[in-house]
Amino acid sequence: MPSTTTVPQKLTTVDQYKTFLDKYDTFLLDCDGVLWHGSHVLDGILDTVKFLRENGKQLVFVTNNSTLSRKNYVKKFEKLGIHASEKDIFSSSFATAVYLRNILNFPKDKRVFVIGESGIVDELKEVGIETCGASDTGVVMAHGDFGSIEQDPTIGAVVCGFDININYRKLAKAFTYLNNKEQNAHFILTNDDSTFPAPNGVFPGTGSLCQPLVAALKRQPMVMGKPNQPMLDCFFSNYHTDPARTCMVGDRLDTDIAFGANGNIATLMVLTGVSTEEEAVDPNQPIKPSYIIESFGEFAKVGQE
Ligand SMILES: C[C@H](OP(=O)(O)O)C(=O)O
Ligand SMILES: [Mg+2]
């Protein structure tokens, strides 16, 4: 149940895998660091997904990666050999759109300035929210250009997600809108993952990219993704699974495992992403996984017996 167990159980044998799998009907699967690194599917994942589905398990994908919309995630999954439908994919860009529309009731006459990629733009468009800023990609500034950064009263929120082409101009515009106290624009992060795993290591993630704004504004943003309430609400308002037979599978203690703990479901931490086994068993670690396994692809061995 809640992932604050004192000692996580390390799964290492096929018998232990079987016993574990028999306990759960639904698996919430993190993507980066569990299923893949970028566009490189990890060993055993395709066979594991096939085996679990053949045995009636429900797989739902929950990713803090805001760079794609759910529609484009479906295409990514298909390209990588995994069938997935939009309703089974919860991305932080989707959670952001749901939050702006349903919780903030975002005004029709306002726009969102985006530091981020198409995932945010497309998901906000899906709920009828106009965006700007994404087109600033590649637009560099010269020291004489500060005059081109002007107030914009139509901006009701700044949303910051992973933006591989983040630049000073985007930060200067976002700062200008957020620093205008009368405008009172919302400051929203799709997720605050400090890093993300790529095939050749970890790199700065959204939580690191937005720090210039946090420092300049002396203001903390609202964060949508795991382990926070907007992503929890997004999943649990769409899926009514039995918490006792639902397990979150992730590679990060501070997002995935904390998300499972906040949702009062069991958690399985894999060692193919960011967090390490040493961190997970550290007595000072506040949130511990229920279980640990080398990789999610290990479960393919149950099907190969
Ligand atoms: C952003 C990305 O999200 P995930 O798919 O792991 O939630 C990551 O930080 O690894
Ligand atoms: Mg991950």
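What you are looking at is a predicted structure, and each value in this text was computed from that prediction instead of being measured.

A.B. asks: Describe the coordination of the magnesium ion (ligand 2), naming the residues involved and giving the relevant values.
C.D. replies: For the magnesium ion (ligand 2), the full set of protein donor atoms is Asp30 (OD), Asp32 (O) and Asp251 (OD), and the range of their distances to it is 2.0 to 2.1 Å. Using a relative accessible area of 12% as the deciding quantity, one classes Asp32 as buried.

A.B. asks: With reference to specific residues and values, describe the domain arrangement of the chain.
C.D. replies: Assigned domains within the chain: domain 1 (9-64 + 227-303) and domain 2 (107-222). The straight-line distance from the C-alpha centre of domain 1 to that of domain 2 is 30 Å. Carbon and sulfur atoms supply 55% of the area buried between domain 1 and domain 2, which totals about 770 Å² over both sides. Its largest share of buried area at the contact with domain 2, domain 1 owes to His37, Asn64 and Arg252, together 54% of the area lost on that side. On inspection of domain 1 and its partner domain 2, the count reaches 1 salt bridge. Note that Arg252 and Asp193 form a salt bridge whose closest N and O atoms lie 3.9 Å from each other. The interface formed by domain 1 and domain 2 includes 4 residue pairs in polar contact (both at pLDDT 80 or more). Residue composition of the side of domain 1 that touches domain 2, by class: 1 nonpolar, 7 polar and 3 charged.

A.B. asks: Describe in detail the pairing of strand β14 (residues 246-250), supporting the description with residues and values.
C.D. replies: Taking burial as the measure, the 5 residues of β14 include 5 buried ones, the bulk of the element. Of the two faces of β14, the one carrying Thr246, Met248 and Gly250 and the one carrying Cys247 and Val249 are both buried. Relative to β14, strand β2 (residues 26-29) runs parallel, the two sharing 4 bridges. The partner of Phe27 across the bridge, within β14, is Cys247.

A.B. asks: Any details on the nonpolar core? Residues and values, ideally.
C.D. replies: Ranked by size, the top nonpolar core spans 36 residues in total, and within it Phe20, Leu35, Phe61, Phe77, Leu268 and Phe296 carry the most contacts. Sorting the residues of this core by element identifies α1 (14-22), β2, α2 (45-54), β5 (58-63), α3 (70-79), β14, β15 (266-270) and β16 (291-293) as the ones contributing at least two each. The element best represented in this core is α2, accounting for 4 residues. Leaving out residues up to four positions away in the same chain, Phe296 has contacts with Leu29, Val34, Leu35, Ile45, Thr48, Leu52, Val249, Leu268 and Val270. Among the nonpolar cores identified, the runner-up in size contains 18 residues, and Leu178, Phe187, Leu213 and Leu217 belong to it.

A.B. asks: Describe the site of ligand 1, with residues and values.
C.D. replies: Looking at ligand 1, the residues that line it are Asp30, Cys31, Asp32, Thr63, Asn64, Asn65, Asp193, Thr195, Phe196, Pro197, Lys226 and Asp251. Asp32 places a main-chain nitrogen or oxygen 2.9 Å from an oxygen atom of ligand 1. Taking Thr63, its side chain carries an N or O atom lying 2.6 Å from an oxygen atom of ligand 1. With respect to the pocket detection grid, ligand 1 is positioned in the largest pocket. No other element matches the 3 residues that strand β11 (residues 195-198) contributes to the shell around ligand 1. Its residues assigned to classes, the shell around ligand 1 comprises 3 nonpolar, 4 polar and 5 charged.

Conventions and cut-offs
Residues numbered from 1 in each chain as written. Chains lettered and ligands numbered in written order. Predicted model: local features only at pLDDT ≥ 70, side-chain atom pairs only at ≥ 80, totals over all residues. Heavy atoms only, no water. Donors = N, O, S within 2.8 Å, 3.2 Å for Na, K, Ca; no water. Buried < 20%, exposed > 50% of the residue type's maximum accessible area, 1.4 Å probe, protein only. Domains from an automatic or database assignment. Buried area = accessible area lost by both parts, 1.4 Å probe. Salt bridge = Lys/Arg side-chain N within 4 Å of Asp/Glu carboxyl O. Polar contact = N/O pair within 3.5 Å; in protein donor to acceptor, adjacent residues only side chain to side chain. Nonpolar A, V, L, I, M, F, W, Y, C, P; charged D, E, K, R; others polar. Helix = DSSP H or I, 4+ residues; strand = E, 2+ residues; numbered from the N terminus. Pairing = 2+ DSSP bridges. Core = buried A, V, L, I, M, F, W, Y, C linked by side-chain atoms within 4.5 Å. Contact = heavy atoms within 4.5 Å. Near = heavy atom within 4 Å. 1 Å grid on protein atoms, 1.4 Å probe; cavity = no way out; pocket = protein on both sides within 12 Å on 5 of 7 lines; lining within 4 Å. Sits in = over half its atoms within 2 Å of the grid points.

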